[in-house]
Amino acid sequence: MRFRILGPTQVVLADGREIPVGGPRLRALLALLLLDAGRVVPAERLIDNLYGEHPPRGAANALQSQVSRLRQALPAEHTPVEFHPTGYRLVVDPADVDAYRFERLAEAGRRALAGGDWARAAAELRAALELWRGPALADVIDVAGAPVQAARLDELRLAAVDDRIEADLALGASAALVPELRELVVAHPLRERSRGQLMRALSALGRPAEALAEFEAARRTLTEELGVGPPPELAAIHLAVLRGADRPAERAAAERVLPSQLTTFVGREEELKRVGELLGERRLVTLTGPGGAGKTRLAIEAASRSDGEVRFVELAGLADGSDVPQAVLSALGLRDAGLRDAGLRAPAEPGRQPTDRLVEALAERRLLLLLDNCEHVVADAARLAARLLGACPALRVLATSREPLGLAGEALCPMSGLALPPPDASARDADDYAAVSLFAQRAADVAPDFTVTPANAELVLRICRTLDGLPLAIELAAARLRALSVAEVAAHLDDRFRLLSMSSRAVSPRHRTLRAVVEWSWDLLDDAERTLARRLTVFAGGATLEAAGRVAEMPSAEFVDALTGLVDKSFVELTGGRYRMLETVRAFCAERLAEAGEAERLRRAHTAYFLELAWTASDHLRRAEQLHWLRRLDAERDNLHAALRRATAAGDASEAAGLVAALSFYWWLRGMRGEGARLAADVLDVLGAEAPPGLGEEFALCVYNASLAGSGHLPSLGTQGSVIRSLDRPPRQPFLLYLSGISTGPPPGGAEDVEELMRELRRLVGPDTWINALGAMGHGSAQMWGGQSDRAGAALATALDGFRSTGDRWGSMITLGALGELAAWRGDPEAAGEHMNRAMGLAEELGSAVDQADMLRTRGEIRLRAGDLAAARDDFAAALLLAQGSGAPEFVSAARLGLAQVARLRGDLAETRRLCEAALAGGLTGWYVGEATRAEIILLLQQITEEQRAGAASGSGAPPSADGA
């Protein structure tokens, strides 16, 4: 049954039928018991509330009679009202009472709001507010005590409305919120937060005068009613409006995920307006045009002005179209997921692709996805866009490409050059045209005294017209004013274009023009700058100063001078401490690298540098500096994977396998198991079916990584023991030991075999703290599952001490999870909760929503075992939300299994079966942990089938006990 007091008092069955409760006093009794659902309410309080200051004679008997009538009104099979020596207790789960559900959802929404998860906050808060059907306790408001409770609930409702509006403001719903906020301000003129939200919404819509008027109205009301001035929060909003600094939250959110722009946006107002209109009408908009037309810049500007959440996906650095879904996953901050059980993880379901994960994560998400530079992966980008748009109704896609994606319903916005003055235009009016304005602004950036004057206007017009108004070409030409006059720039352009006009007429004129600008800029470089420019093209995603210096193989002083020159001449951009080339420039310089015969040598230098970096980082990832090195590898991910792909394509088995081995722990920590598996599978094609001499460890890591994505037939490596015994030295990548353990499972002999294996491991690795901590963790887990709790606790404590001494958050996290489970088995829920809270804190530090879902699931199992069904359900439900939001089907299945166990213990076998069947449909195939979970689900289905048969035979329907859950 469900109970409702947020409005008239109601009792509703699962099928939606309402049970009539009776007269006002009976409904009042039910409401009073519901306000303390699950707790004993003293009889004296019930009498005072029901009968006031003058109760009748025999009030206790009268109350008992009312309770009896209430029991008769409710279905006989439930009989939820219990008598206790001091009073009465309504035996219902608070989650079945709308007021309790409202408070829980409102609190979840408030937490999501505080954490910046606007979409989840809005969803939780809307769900909470939808439970209201009118004023709280509407039909029992005259009962003593009810007004206080009703006022408390109404205040919570208003706070939830404020929180929901805050989330909606962040998601870009300013226009829709203004009428609602005006109503709230009229109804509650002294609520400062609503007034401030109205001011912010009006300011975001470009109506600052109305926002300021609201502030003056608030000032008058507060002064007249309370004798006080506006509070600091409202005054701060007022000041922001006055300064014009208040930005809509949705724009601020978009700016956090869109590339920052260092220069002003010039021209394109008509295109910008058109794109905005198209995005309001269509779900797929593509900006088309030649390279250098400014497609990316216009798309970023349009996206920044779009309401709601925006994510930017840069595709230019991809070498293969199959990597498009992974690039979108990375831009969305989603990770490949796995299922943990006592510190063990399972791979994604074989056959599941990154696209499937994206569909699950975006199915109900309101989002604008900006796919930039699609032209070289246009077919794959089109397939992905079609799949996502078809499955995700709230998704919009804005793409930039040199050609359309070619999908039904695609709206195109063609782009060419900026507006140019007509041939007969006056030189005095030149600044009125976007192409000239862009040249003048960029020229002033490098030559601050430059302006368009009657003396140089004709030359400027000539340059802009010759370059067809293409923004990139104009910017490169304007940058030459560092060293040349306007007349010299114009003369060089004329010379070069006459030369290049004799090239193939099959090439578009604008492409020839852009190429001419780049080639002319190349001619302005000195020999050292040209050498460095072509060698920098080996990098993918830019390079640090150190990496560029090492790979370019130039004398130090010459290298620094050349790099400075390239930055000055706009061949290279310096952003965020990394040196990057515009893609058009990079493509041109890459041709020069091939012509110089240096491509293979630079490839090898690039691979060697990043192989060394990967191994160095791998060691640091097990230490206190773990987070710093994770971020460093994140920044170099494109380079690392480019080096790996190039080594694989060249057949360099040692380098390719070495990169897989070095990156294995990083892939695991970042949840990139799907991408890592594909890369490792390609390397296995080079290595063959057996480990080449000297590459045994690397071969094993390639096999284990490849198997994570459910790859086809792979070489067998035997048991974990055989892997350890095959080593003649400590593994260079100690994570091999973890992968081998969760792949093959514990030794068949149980804890004794584990102990023998640990002795062999200690003989092999000696005093290595991290490896011995990993071994102790595995040993403790095996002893725990074998029922040796004391020995398990000692081993896990040793493991935790070891991981903490190295500074490894990941090892500490999984060990704390195991300790939490062990404490629960020992009957110590307080210690279990403490361990789990610390584990969840470490998951947050690592930035892993998937691991947070994992920890919540584990804590749910602990609470389930302790009999706290409500708290367990909360954890499983929260884990389900996180898993669904991260596109993690394995955790979705695990959370549903937990919810099924709760439903079984509550006696709802139909719901148990439904959840089990849904869990079986998820990603549970793979390594032995997944198979064990599948077996657990099947066993639970068999148990409830037997219980249903037994219940039907006996006529009882008693739910099972939580003991042994």
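From a predicted model like this one, the values you see are computed outputs, not experimental measurements. (Residues numbered from 1 in each chain as written. Predicted model: local features only at pLDDT ≥ 70, side-chain atom pairs only at ≥ 80, totals over all residues. Heavy atoms only, no water.)

Q: Is there a simple way to think about the overall build of the protein in this case?
A: Within the protein one finds 43 helices and 15 strands. Relative to its full complement of 965 residues, the protein shows a buried share of 54%. Expressed as a percentage of contacts within the protein between residues at least 6 apart in sequence, the contacts between residues at least 24 apart total 71%. Here the protein displays about 40500 Å² of accessible surface, and carbon together with sulfur accounts for 52% of that area. (Helix = DSSP H or I, 4+ residues; strand = E, 2+ residues; numbered from the N terminus. Buried < 20%, exposed > 50% of the residue type's maximum accessible area, 1.4 Å probe, protein only. Contact = heavy atoms within 4.5 Å. Areas by Shrake-Rupley, 256 points an atom, 1.4 Å probe, with all protein chains shown as cover.)

Q: Help me understand the sheet that holds strand 5 (residues 81–84), please; the structure alone is not making it clear to me.
A: Backbone-to-backbone hydrogen bonds join strands into a sheet, with any given pair of strands oriented parallel or antiparallel. Judged by pairing direction, the sheet is antiparallel, and its 3 strands sit side by side in the order 4-6-5 without closing on themselves. Taken across any chain shown, the strands that pair with only one partner, and hence form the sheet edges, are strand 4 (40–42) and strand 5. Ignoring which end each strand starts from, the neighbouring axes of this sheet average 30° apart. Alignment of strand 5 against strand 6 (residues 87–90), held across 4 bridges, turns out to be antiparallel. Bridged to E82 within strand 6 is R89. (Pairing = 2+ DSSP bridges. Axes fitted to C-alpha atoms, helices over the stretch in contact; angles between N-to-C directions.)

Q: I would appreciate a short explanation of a nonpolar patch on the surface in the present structure.
A: Nonpolar side chains collect at one region of the surface, where L190, L226 and V228 lie side by side and expose about 240 Å² of accessible area between them. Checked against the element boundaries, L226 lands in helix 9 (residues 208–226). (Patch = residues over 30% accessible without salt bridge, like charges linked within 9 Å, V, L, I, M, F, W, Y side chains within 5 Å. Salt bridge = Lys/Arg side-chain N within 4 Å of Asp/Glu carboxyl O.)

Q: Sorry, what's going on with the side chain of E698 here?
A: By the element assignment, E698 lies in helix 31 (residues 696–707). It is R729 that comes nearest to the buried, bridge-free E698 among opposite-charge side chains, at 4.9 Å. Once residues lying within four places of it in the same chain are set aside, the contact partners of E698 are A657, G658 and A661. (Lys, Arg positive; Asp, Glu negative; His and termini not counted.)

Q: Can you walk me through the packing of helix 1 (residues 24–35) against helix 2 (residues 43–51) in this structure?
A: What describes two packed helices is the angle between their axes and the distance between those same axes. Where helix 1 contacts helix 2, the two axes come as close as 10 Å, and the packing angle between them is 140°. Considered as vectors, helix 1 and helix 2 are oriented oblique to each other. Considering how the two elements wind past one another, helix 1 and helix 2 form a crossing that is right-handed. Across from R25, A28, L29, L32 and L33 in helix 1, the residues of helix 2 making contact are L46, N49, L50 and Y51. A class-by-class count of the residues in the contact of helix 1 with helix 2 yields 7 nonpolar, 1 polar and 1 charged. (Parallel < 35°, antiparallel > 145°, perpendicular 65-115°, else oblique. Left-handed = near helix turned anticlockwise from the far one by under 90°. Nonpolar A, V, L, I, M, F, W, Y, C, P; charged D, E, K, R; others polar.)

Q: Is there a simple way to explain the environment of A649 in this structure?
A: Along the chain, A649 falls in helix 28 (residues 637–649). With a relative accessible area of 71%, A649 lands in the exposed category. Sequence separation of A649 and V686 is 37 residues, and the distance between their C-alpha atoms is 8.7 Å.

Q: Which parts of the structure should I look at to understand the environment of Q66?
A: If you trace the backbone, Q66 turns up in helix 3 (residues 59–73). Beyond its immediate sequence surroundings of up to four residues, Q66 is in contact with R25, L26, L29 and Y51.

Q: How should I be thinking about the environment of F102 in this particular structure?
A: Within the fold, F102 resides in helix 4 (residues 98–114). On the basis of relative accessibility, which here comes to 0%, the residue F102 falls in the buried class. Among all residues touching F102, those that are not within four sequence positions of it are L6, A128, L129, L131, W132, L153, L156, R157 and A160.

Q: Explain the nonpolar core to me, please; I cannot follow it from the model alone.
A: Soluble globular proteins: nonpolar side chains tend toward being buried together. Of all hydrophobic cores here, the largest spans 152 residues; its most connected members are L532, L536, F571, Y738 and W810. Looking at this core, the element that brings in the most residues is helix 29 (residues 653–669), giving 12 residues. If sequence neighbours within four positions are ignored, F571 has contacts with V518, S521, W522, L525, A533, L566, R580, M581, V585 and C589. Residues L33, I47, V97 and A160 belong to the second largest nonpolar core, which totals 70 residues. (Core = buried A, V, L, I, M, F, W, Y, C linked by side-chain atoms within 4.5 Å.)

Q: Which parts of the structure should I look at to understand the pairing of strand 12 (residues 395–401)?
A: Across a regular strand the side chains alternate sides, sitting on one face of the sheet and then on the other. Extensive coverage of strand 12 is indicated by the burial of 7 of its 7 residues. The alternating pattern of strand 12 places L395, V397, A399 and S401 on one face and R396, L398 and T400 on the opposite face, and all of these are buried. The pairing of strand 7 (residues 284–288) with strand 12 spans 5 bridges and is parallel. Within the sheet, the bridge partner assigned to T286 lies in strand 12 and is A399. Sheet analysis places strand 11 (residues 367–372) next to strand 12, joined by 5 bridges and oriented parallel. If you follow L371 over to strand 12, its bridge partner there is A399. Each parallel crossover has a hand, and the one from strand 11 via helix 16 (residues 378–391) to strand 12 is right-handed. (Right-handed = clockwise from strand over helix to strand, strands pointing away.)

Q: What's the story with the sheet that holds strand 1 (residues 2–4) in this structure? I'm lost.
A: Here 3 strands make up an open sheet; going across it, the order is 1-2-3 and the pairing antiparallel. Of all the strands in the sheet, the pair left with one neighbour each is strand 1 and strand 3 (18–19). Here strand 2 (residues 10–12) runs beside strand 3; their pairing, made up of 2 bridges, is antiparallel. In the sheet register, V11 faces strand 3, and the bridge partner there is I19.

Q: What's the story with the side chain of R859 in this structure? I'm lost.
A: One can find R859 in helix 39 (residues 849–865). Judged by its relative accessible area of 14%, R859 falls in the buried class. Polar contacts involving the side chain of R859 include one to the side chain of N837, which spans 3.1 Å. With residues up to four places along the chain from it excluded, the contact list for R859 reads M836, N837, M840 and D875. (Polar contact = N/O pair within 3.5 Å; in protein donor to acceptor, adjacent residues only side chain to side chain.)

Q: Help me understand the pattern of salt bridges in this model?
A: It is possible for side chains of opposite charge to pair when their charged atoms get near one another. Evaluated as defined, the whole model comprises 59 salt bridges. Residues E553 and R601 are paired through a salt bridge, measuring 2.6 Å at the closest nitrogen-oxygen approach. One end of the pair, E553, is in the loop between helix 23 (545–552) and helix 24 (556–568); the other, R601, is in helix 26 (residues 599–620), with 48 residues separating them in the sequence. Owing to a relative accessible area of 41%, E553 belongs among the partly exposed residues under this scheme. For R601, a relative accessible area of 38% gives the class partly exposed. For the salt bridge of R645 with E675, the shortest nitrogen-to-oxygen distance reads 3.8 Å. Highlighted residues: R645 in helix 28 and E675 in helix 30 (residues 673–687), separated in sequence by 30 residues. One network of salt bridges, in which partners are shared, links E107, R110, R111, D163 and R193.

Q: Please explain the confidence of the model for the protein as it appears in this structure.
A: Detailed conclusions should not be drawn from predicted coordinates in areas where pLDDT is low. On average, residues of the protein score 82 in pLDDT, and 88% of them are at 70 or above. Taken element by element, the predicted model of the protein shows its lowest mean pLDDT in strand 9 (residues 339–340) (36) and its highest in helix 26 (96). Segment residues 245–256 is flagged for pLDDT under 50; beyond a separation of four residues in sequence, or across chains, it makes 25 contacts in the model. Note on residues 496–513: pLDDT under 50 across the span, and 24 contacts to partners over four residues away in sequence or across chains. (pLDDT = per-residue confidence, 0-100.)

Q: Honestly, helix 33 (residues 735–744) in this entry has me stumped. Any pointers?
A: Each α-helix winds once per 3.6 residues, and so residues spaced three or four apart point in a common direction. Within helix 33, 9 of the 10 residues are buried, which leaves it mostly tucked inside the rest of the structure. Among the residues of helix 33, those classed as buried are F735, L736, L737, Y738, L739, S740, G741, I742 and S743.

Q: Is there a simple way to think about unusual backbone geometry in this case?
A: What is expected of a backbone is that most residues other than glycine have negative phi and most peptide bonds are trans. Although it is not a glycine, L137 adopts a positive phi angle of roughly 55°. Among the secondary structure elements, L137 is positioned in the loop between helix 5 (118–129) and helix 6 (146–170).

Q: Just checking my understanding: could you explain the packing of aromatic side chains for this structure?
A: Each aromatic ring pair is summarised here by two numbers: the centre-to-centre distance and the angle between the ring planes. Counted by the stated rule, this structure contains 16 aromatic pairs. Judged by centre distance (6.2 Å) and plane angle (80°), the ring pair of F539 and F610 falls under edge-to-face. With F539 in the loop between helix 22 (527–536) and helix 23 and F610 in helix 26, the pair connects residues that are 71 residues apart, well separated along the chain. A relative accessible area of 3% means that F539 is categorised as buried. With relative accessibility at 0%, the residue F610 sits in the buried group. (Phe/Tyr/Trp six-rings, centres within 6.5 Å; stacked < 30°, edge-to-face > 60°.)

Q: Can you walk me through helix 8 (residues 192–204) in this structure?
A: The end-to-end C-alpha distance of helix 8, which contains 13 residues, comes to 18 Å, matching closely the 18 Å that a straight helix rising 1.5 Å per residue would cover. Of all 13 residues in helix 8, 10 are buried; the element is thus mostly enclosed. If you check which residues of helix 8 are buried, you get S194, R195, G196, Q197, L198, M199, R200, A201, L202 and S203. Immediately downstream of helix 8, the backbone of G206 shows phi near 80°, a positive value. (Expected span 1.5 Å × (residues − 1).)

Q: I tried to follow the packing of helix 6 against helix 7 (residues 174–187) on my own but got confused; where do I start?
A: Orientation of helix 6 relative to helix 7, taken along the N-to-C sense of each, is 155°, at an axis distance of 10 Å. With respect to their mutual orientation, helix 6 and helix 7 come out roughly antiparallel. For the crossing formed where helix 6 meets helix 7, the hand is left-handed. Facing L158, V161, R164, I165, D168 and L169 of helix 6, the residues of helix 7 in contact are S174, L177, E180, L181 and L184. Of the residues in the contact of helix 6 with helix 7, the class split is 7 nonpolar, 1 polar and 3 charged.

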